Amino acid sequence: LDPGEIVILGGTAAVSAQIEAALAAYTDGDVIRRAGPDRFATAAAVSEASFPPGVAKVYIATGGNFPDGLTAGPAAALDSAPILLVGDTIPAPTAAELTRLAGG
């Protein structure tokens, strides 16, 4: 294994800084963290880093129950589409990312 880059998804509560430091030994490239203050903002940060405005499709999953987002992964990958998370309402980071993805 010799990846050109390692991307960590989630904050230090999900993947510790010690693990982040240890991962540097597995690449000559960068170890990058995509995270926000919560899972909703993290999903939006991953989307923003990975998708330009104008995507054809966005998958929406509940942020309260991880299997929903997990099962959306293969479909989103096949469609080259982001996955964003919602709760009982649409969180501000999700709404902002939907607006950005729509080109506005």
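Not measured: the values here are computed from a predicted model.

The rules behind these values
- Residues numbered from 1 in each chain as written.
- Predicted model: local features only at pLDDT ≥ 70, side-chain atom pairs only at ≥ 80, totals over all residues.
- Heavy atoms only, no water.
- Helix = DSSP H or I, 4+ residues; strand = E, 2+ residues; numbered from the N terminus.
- Expected span 1.5 Å × (residues − 1).
- Buried < 20%, exposed > 50% of the residue type's maximum accessible area, 1.4 Å probe, protein only.
- Contact = heavy atoms within 4.5 Å.
- Polar contact = N/O pair within 3.5 Å; in protein donor to acceptor, adjacent residues only side chain to side chain.
- Pairing = 2+ DSSP bridges.
- Right-handed = clockwise from strand over helix to strand, strands pointing away.

1. Quick notes on helix α2 (residues 39–50)
- Under the 1.5 Å per step criterion, the end-to-end length of α2 is 16 Å for twelve residues, consistent within 8% with the ideal 16 Å.
- Listed in full, the buried residues belonging to α2 are F40, A41, T42, A43, A44 and S47.
- Close packing links the buried residues of α2 with β2 (30–34), β4 (83–86) and α4 (92–101).
- Here α2 starts with a cap whose side-chain oxygen sits 3.1 Å from the backbone nitrogen of F40, and that cap is D38.

2. As for the pairing of β4
- With four bridges joining them, strand β3 (residues 59–62) and β4 adopt parallel strand pairing. Among the inter-strand pairings, T62 is bridged to a residue of β4, identified as V86.
- Viewed along the sheet, the connection from β3 through helix α3 (residues 66–78) into β4 turns out right-handed.

3. Overview of the pairing of β2
- In this sheet, β2 lies alongside strand β1 (residues 5–9) in parallel orientation, the contact comprising five bridges. Residue pairing across strands places I8 opposite R33, the latter belonging to β2.
- Read from β1 through helix α1 (residues 17–23) to β2, the crossover connection turns out right-handed.

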